[in-house]
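Read off the chains here:
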Amino acid sequence: MSKMSAPPISKMQKNLLVKYVGVFAAIAGATLIVTMEASDIRAAFTMSKHSPLAMTELVAEGAILAALATGMAFLAISLYRRTRQLEIERQSAINGKTRISFQMDAMRRHTIISETNPEGRIQNVNENWENLFGYKKSEVIGRFASFLFEDGIHDSGYIHLRETIECRHVFSGEQKLLTKSGKVVVVQTTTVPMFDSDGNHIRTVSMRTDITALKTAESDHFMIALLKELPQEVYIYDMENYKIVYMNDLALGRCGWTSREAKQRTIADSSTLFDMAIFESHIRPLLEGKEKAVTVRAKHEKGYVEITTRIHRQPDNTPVFMSVLRDITAEKLEEKRKLQTVAGLSHELRSPLTSIKGSLRLLNSGAVGDLDAKASRLVDIADRNTDRMLTFLDDILDFEKIVAQKMEFDLVSVNLRDFVNDAIEMNKGYADEHDVHFVVGDIPEDARVTGDNCRLTQVITNLMTNAAKFSPLGEKIVVSVSDQGNAWRVSVADKGPGIPLESREKVFQSFTQLEPVDGKVRKGTGLGLAISKKIVDHHSGNISFDSVIGEGTTFFFELPKEGAGFAIAAE
Amino acid sequence: MPKTITVLHVDDDEDIRIIADLAFSLDPDFELVQCASGPEAIETAKDLRPDVLLLDMVMPNMDGEQTWARLKADSGMADTPTIFMSARAEKRFSDHLIKMGATAVIPKPFDPITLCSEIKSALKDSAALSQGRGSSVVNFAS
């Protein structure tokens, strides 16, 4: 640091000495004069008794003496004062020097200090610097300080700092720097270029204060203010043992905890319906980096919620889980209402359809008299289309049920060989109508899955009837089962016109019928495959097709083998 | 069966009653009596003492299940074979009725040509089972 100037004090002392000597001489002189004057005055006094002139002389001498004495007194007082002032100044200067050196010492102890050469290579760092950044002095000496910055040499913060120093200016500002462990710290930095007496840049000193905690608190404060008022429950908990880090007001309210109590709980305590196994399987894609957010619908004490969970990085880079709960009780009620409406509609339509179908059947059977050929044909048309309507109603209801997750699944062990044979038997009539043949292909004897027999039959029937609709007349449609490792694949292969692979997505959408490749439109509701997909999804399976235009299509669905682990990978 | 089987059919829809009437006319073994509502059926049943009850499920004011309960209680028809006809397709619903002691559940729309034979076979199964144990388990719904 700067040198404290000692000369002023010694100069002052010199002056003081001079003044002392001067004053002493003055006093000595004065005393002499006074003494002389005193004897003169005595003599004059004696003589004044006899002469007026001698009296005048006496008075004059007296006045001179008085003036002299007063002057001396003033001089003495001011000299004393001056001496005292000097003493005080001297003392304070000493204190000042002590204080500065104390402050310097304190700063060295508490501030984070580093020095670089004009090129930017580290020359020295103090202990605080080592502690903050996690590097030992020996690891960093000689290196460019750019490794502290997120983007290294290309970091805009680093570049700005270098430019400022090169322009011989002091840099002062906040920096976000990287420690050895990868943690981010926020520091308040002052970097000073130092010059020798010739103006050459000889070194650069950086002084830093760690304000990470302050910044975290600020960021937390902002986020907390934001989350506090959110009309959704928010839970932030650590990734190690799910201990609560933060809960917003709504969440605290539902759980009935204070903020302090919450910090002693884990996310598992937030609901009596919490299931750790289900929770851990839901967050797995997050941990594996496969998903940025996972959503699940669940029930808790106050109703239905949709829970979205993410991994959130705090300002110091430590990760935590953040779950936001959206109340969907109203939505659920709406879905329920809609389903009831659809079910109600479906029911309302079935009653008149009963009468229509009944009438047509009675007419066509001859039970109420014979019909001529033309009339009979018309009745057939009416009958067929009534069936179409009924199928459509069934499909709509099925679809709504499955969407509202209200479709019931009766899970049993299904022997795929029996399953396929039954399906072929059931759809024989349909095959005859379309002049095609369903044929059983290879089916391993022990092929078994766990599933709802009725709903799976619905799926295979859907695939088989589609195949029949698109198959050329007289052709065979092969239904087989193959081993796919941890799943069984049920395939329905036709020799129809084929489906372009670009249509893969559309095929399974609801109310969608593709433009057939051969140009012939077949009748259908457009819901069949959408429902089939939902049923297969529900069985943790996968449905898709392979196709070659002009040669044929094989639709297939895969189901986990009985006893295998849940869920197989989608195509 | 030696004598004709008396069927009490209850349905609020007139057209369906006409269809059913035509359906039963195809089989001489059956005699059909029809009512348009639950209360009417309860009155009729007191004197009629039908052999079989054929009840529509969804009816205004008193539905099929309620009508059945009243018939069992008021008219002492607890043991009469009862077949329901319903436009509600849910398996769970049919299971519930069977569990309560219904002989069968026929889904709507029904086929008038085969209605009588369906009812006959349901009654046969029911009779055979009741010789051994209790309720029959016939469900025409898939």
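Not measured: the values here are computed from a predicted model.

What counts, and where the lines are drawn
Residues numbered from 1 in each chain as written. Chains lettered and ligands numbered in written order. Predicted model: local features only at pLDDT ≥ 70, side-chain atom pairs only at ≥ 80, totals over all residues. Heavy atoms only, no water. Helix = DSSP H or I, 4+ residues; strand = E, 2+ residues; numbered from the N terminus. Buried < 20%, exposed > 50% of the residue type's maximum accessible area, 1.4 Å probe, protein only. Contact = heavy atoms within 4.5 Å. Areas by Shrake-Rupley, 256 points an atom, 1.4 Å probe, with all protein chains shown as cover. Pairing = 2+ DSSP bridges. Buried area = accessible area lost by both parts, 1.4 Å probe. Salt bridge = Lys/Arg side-chain N within 4 Å of Asp/Glu carboxyl O. Nonpolar A, V, L, I, M, F, W, Y, C, P; charged D, E, K, R; others polar. Phe/Tyr/Trp six-rings, centres within 6.5 Å; stacked < 30°, edge-to-face > 60°. Expected span 1.5 Å × (residues − 1). Bend = angle between axes of the 7 residues up to and from the residue. Axes fitted to C-alpha atoms, helices over the stretch in contact; angles between N-to-C directions. Core = buried A, V, L, I, M, F, W, Y, C linked by side-chain atoms within 4.5 Å. Parallel < 35°, antiparallel > 145°, perpendicular 65-115°, else oblique. Left-handed = near helix turned anticlockwise from the far one by under 90°.

### Quick notes on the overall build of chain B
Then comes step 1: Across its full length, chain B carries 5 helices and 6 strands.
Then comes step 2: Sorting the 142 residues of chain B into buried and exposed places 46% on the buried side.
Then comes step 3: For chain B, contacts bridging at least 24 residues in sequence account for 66% of all contacts bridging at least 6.
Then comes step 4: When the accessible surface of chain B is totalled, it reaches about 6800 Å², and 50% of it is carbon and sulfur.

### Quick word on the overall build of chain A
Then comes step 1: Helix and strand counts for chain A stand at 16 helices and 17 strands.
Then comes step 2: For chain A, the residues scored as buried account for 37% of the 571 residues in total.
Then comes step 3: Of the contacts made within chain A by residues no fewer than 6 positions apart, 54% connect residues no fewer than 24 positions apart.
Then comes step 4: When the accessible surface of chain A is summed, it comes to about 33800 Å², and 57% of that surface belongs to carbon and sulfur atoms.

### Topic: the pairing of strand E10 (residues 319-327) of chain A
Residues and elements named next belong to chain A.
Then comes step 1: In the sheet, strand E6 (residues 233-238) pairs with E10 via 6 bridges, with the strands oriented antiparallel. Paired with Val234 across the strands is Val324, a residue of E10.
Then comes step 2: Where strand E9 (residues 303-313) and E10 come together, 9 bridges link them in antiparallel fashion. Bridging from a neighbouring strand, Thr308 pairs with Val324 of E10.

### Examining the interface of chain B and chain A
Then comes step 1: Residue-level contacts link 18 residues of chain B with 18 residues of chain A.
Then comes step 2: When residues of chain B are sorted by the area they lose upon contact with chain A, B:Ile19, B:Ala87 and B:Pro109 head the list and together hold 29% of the total.
Then comes step 3: Inspection of the region where chain B meets chain A yields 1 salt bridge.
Then comes step 4: Its salt-bridge partner being B:Asp111, residue A:Arg361 comes within 2.7 Å of it at the nearest N-O pair.
Then comes step 5: Per-element tally for the side of chain B that touches chain A: the top contributor is helix H1 (residues 14-25) of chain B, with 4 residues.
Then comes step 6: Here the residues of the side of chain B that touches chain A sort into 10 nonpolar, no polar and 8 charged.

### With respect to the packing of aromatic side chains
Residue and element names in this part refer to chain A.
Then comes step 1: Counted according to the given criterion, the structure contains 13 aromatic pairs over all chains.
Then comes step 2: Here the aromatic rings of Trp129 and Tyr135 are separated by 6.4 Å at their centres, their planes lie at 35°, and the arrangement is tilted. Each member of the pair, Trp129 as well as Tyr135, is classed as buried.
Then comes step 3: Ring centres of Tyr135 and Phe147 lie 5.1 Å apart, and the angle between their planes is 75°; this geometry places the pair in the edge-to-face category. Remark: Phe147 occurs in the loop between helix H4 (137-140) and helix H5 (156-166) and Tyr135 occurs in the loop between helix H3 (127-133) and H4; sequence separation between them is 12 residues.

### Overview of helix H10 (residues 329-365) of chain A
Residue and element names in this part refer to chain A.
Then comes step 1: Between its first and last C-alpha atoms H10 spans 52 Å; for 37 residues at 1.5 Å apiece the expected length is 54 Å, and the two agree.
Then comes step 2: Pro352 marks the point of greatest bend in H10, at about 25°.
Then comes step 3: Directly after H10, the chain includes Gly366, whose backbone phi takes a positive value near 85°.

### Structural notes on the sheet that holds strand E14 (residues 476-483) of chain A
Within a sheet, each strand pairs with its neighbour through backbone hydrogen bonds, oriented either parallel or antiparallel.
Residues and elements named next belong to chain A.
Then comes step 1: If you walk across this open sheet you meet the 5 strands as E12-E14-E15-E17-E16, and the pairing is mixed. Each edge of the sheet is formed by a strand with only one pairing partner; in this case those strands are strand E12 (437-440) and strand E16 (542-548). Neighbour-to-neighbour, the strand axes of this sheet turn through a mean angle of 20°, independent of strand direction.
Then comes step 2: Sheet topology note: the E12/E14 ladder contains 4 bridges and is parallel. The residue of E14 that forms the bridge with Val440 is Val479.
Then comes step 3: The strands that helix H16 (residues 528-538) touches are E16 and strand E17 (552-560); relative to E16, the one it contacts most, it runs at about 130°.

### Considerations on the nonpolar core
Then comes step 1: Within the largest apolar cluster, 43 residues are counted, with the highest numbers of intra-cluster contacts made by A:Leu416, A:Ile460 and A:Phe557.
Then comes step 2: Breaking this core down by element, the ones donating at least two residues are helix H11 (373-403), helix H12 (416-426), helix H14 (453-470), E14, strand E15 (487-494), H16, E16 and E17 of chain A.
Then comes step 3: Top contributing element to this core by residue count: H14(A), with 7 residues.
Then comes step 4: Filtering out sequence-adjacent residues up to four positions away, A:Leu416 remains in contact with A:Ile443, A:Ala447, A:Val449, A:Val481, A:Trp488 and A:Val490.
Then comes step 5: Core analysis: the next-biggest nonpolar cluster, separate from the first, contains 21 residues, B:Leu53, B:Leu71, B:Phe93 and B:Ile98 among them.

### Some remarks on the environment of B:Phe110
Then comes step 1: Along the chain, B:Phe110 falls in the loop between strand E5 (104-107) and helix H5 (115-132).
Then comes step 2: Put simply, B:Phe110 and B:Met85 are 25 residues apart on the chain and 8.2 Å apart in space, counted from C-alpha to C-alpha.
Then comes step 3: If we skip the residues at most four places from it in the chain, B:Phe110 touches A:Thr354, B:Ile16, B:Ile19, B:Met85 and B:Leu115.

### Overview of the packing of H10(A) against H1(B)
Helix-helix packing is characterised by the crossing angle of the two axes and by the distance between the axes.
Then comes step 1: Running from amino to carboxyl end, H10(A) crosses H1(B) at an angle of 30°, the nearest separation of the two axes being 9 Å. Judged by the inter-axis angle, H10(A) sits roughly parallel to H1(B). Here the hand of the crossing between H10(A) and H1(B) comes out left-handed. On H1(B), the residues that touch A:Ser351, A:Thr354, A:Ser355, A:Gly358, A:Ser359 and A:Leu362 of H10(A) are B:Asp15, B:Ile16, B:Ile19 and B:Leu22.
Then comes step 2: Of the residues in the contact of H10(A) with H1(B), the class split is 4 nonpolar, 5 polar and 1 charged.

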